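Structural features, examined
Take a look at the letters that make up each chain.
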Amino acid sequence: MSKGNDTARTPVHLYVHVPVCRLKCAYCDFFSVAVFDLPMSTAELAEALTRQAVAWSARGLDARPLETLYVGGGTPTILGPSLATLVSSLRECLGFAEGAEITIEANPDSLDDRLVDLLAEAGVTRVSLGVQSFHDDVLRLLGRPHDASRALAAARTVRESGLALSLDVMCGIPGQSMGSWVASLEYAIATGAQHVSVYPLSLESGTPMAAEVLLGRLAEPDPDVAADMMTAACEILTREGFTHYEISNYARPGFESRHNTAYWSGKEYTGVGPGAHGMLSATTARAAGLVVPDEVARVRYAIACDFTYGLDEAPRADIETLSAQEAAREDVMLGLRMMAGVTVASVEDAELTAVLERMAGLGLTECVDGRWRLTARGWLLGNEVFSAVWAGE
Ligand code: SF4
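Residues numbered from 1 in each chain as written. Predicted model: local features only at pLDDT ≥ 70, side-chain atom pairs only at ≥ 80, totals over all residues. Heavy atoms only, no water.

1. Considerations on the domain arrangement of the protein chain
Split into domains, the protein chain comes out as domain 1 (3-262) and domain 2 (327-391). One C-alpha centre belongs to domain 1, the other to domain 2, and the line joining them spans 27 Å. Counting residues at the interface gives 12 residues for domain 1, matched by 8 residues for domain 2. Roughly 860 Å² of surface becomes buried between domain 1 and domain 2 when both sides are summed, with 64% attributable to carbon and sulfur atoms. When the area that domain 1 buries against domain 2 is broken down by residue, the three leading residues are H244, E246 and I247, summing to 53%. Counting across the interface, domain 1 meets domain 2 through 1 salt bridge. Between E246 and R337 there is a salt bridge whose closest N-O contact spans 2.6 Å. Our enumeration of links across domain 1 and domain 2 arrives at 5 residue pairs in polar contact (both at pLDDT 80 or more). For the side of domain 1 that touches domain 2, the secondary-structure elements that each account for two or more residues are α8 (223-239) and β9 (243-246). At 4 residues, α8 tops the list of elements feeding residues into the side of domain 1 that touches domain 2. Taken together, the residues of the side of domain 1 that touches domain 2 sort by class into 6 nonpolar, 4 polar and 2 charged. (Domains from an automatic or database assignment. Contact = heavy atoms within 4.5 Å. Buried area = accessible area lost by both parts, 1.4 Å probe. Salt bridge = Lys/Arg side-chain N within 4 Å of Asp/Glu carboxyl O. Polar contact = N/O pair within 3.5 Å; in protein donor to acceptor, adjacent residues only side chain to side chain. Helix = DSSP H or I, 4+ residues; strand = E, 2+ residues; numbered from the N terminus. Nonpolar A, V, L, I, M, F, W, Y, C, P; charged D, E, K, R; others polar.)

2. A word on the site of the ligand
Close to the ligand lie C21, L23, K24, C25, Y27, C28, F30, S32, G74, T75, N107 and R144, which account for all nearby residues. Partitioned by chemical class, the residues of the shell around the ligand number 6 nonpolar, 4 polar and 2 charged. (Near = heavy atom within 4 Å.)

3. Focus on the pattern of salt bridges
Counted according to the given criterion, the structure contains 10 salt bridges. A salt bridge links R329 to D349; the nearest nitrogen and oxygen atoms lie 3.4 Å apart. Taken together, the positions of R329 in helix α11 (residues 324-335) and D349 in the loop between β15 (342-343) and α12 (350-361) put the pair 20 residues apart, joining distant regions of the chain. According to the relative accessible area criterion, R329 is buried, its value standing at 7%. A salt bridge links R373 to E366, with the nearest nitrogen and oxygen atoms 2.9 Å apart. By relative accessible area, E366 is classed as partly exposed at 27%. Taken together, the shared-partner salt bridges connect R298, R300, E330 and D331 into one network. (Buried < 20%, exposed > 50% of the residue type's maximum accessible area, 1.4 Å probe, protein only.)

This is the structure in structure tokens:
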């Protein structure tokens, strides 16, 4: 268990999940509903999310101002002005530490000048824009409700407002050429974004895109093509002055995501909203009134994907408990996602050291300057390393 997690406190990192989108994208299997299926108004949803965050924070824990807030989804910007109200209400009820990072995930189809102004007034510091591509044919295939010109306009609006901008872009899409991918990256850089997240398309069963592949109407994504595109992204972005600080993430100096870095560093965080996840030390979970057996070191929870039970002030949730050994392995697994890796001293488990040495023999990890980290090959085959670390063999 991380040594920093052994005292009860309110976690200072809060994730709020807004599982609503304009339409469902063709490849998406996340829990989110199309806005016309939402069983309440967007204002009511924003109020219920605020109530749940405040109720959680009030469950017997010391109140501490938040250091990071991440409102993700889904498409949080679909809440419109209610999103700014949600951020202001959280400031009023929970408080933000000085210099807190407040990120809103946005999609280009639901972000305009007026909303960006309202978000900036509410204290939002960063917008993570789900662009995916700057090519209309690729966006159509993904079933995204925006086109390239809308994406460029949304990015410009965020930059002109003075908020930090992060862009999500996706590679390994059937029919996407290397030329189209490189051009999308160049557009992303040209927007002035300070942070870029690069993801390969993952074909999920049950999605419209998976059905197209099954019917033979769409080629299956090729992992080798995706790996080549990830490598090209790394070369281009690092050449342009971005630091590759996590498997999928690149930032200009000082613009790394503090919220996501907390996840990868084994820090506690609370999550609210249907489908949200949270992670607490056993001590904090007990202080919050959960019954946690002595042998448990860490508690993870996932709130019900349901607008009745998942929005309650005491929502239904699936709970997973981890022993001290499991928590330590999880810390190494998450820490290896970051290019800085983990210190040799933090890997106290001899079995885990043996795993990392075996992975080094396969060219997937390396030990440099007292830290274990992934090699360039290990970065592309991260899941192989992570499952070995988790299994301890
Ligand atoms: S915007 Fe994101 S969460 Fe919403 S349907 Fe598309 S991929 Fe899924």
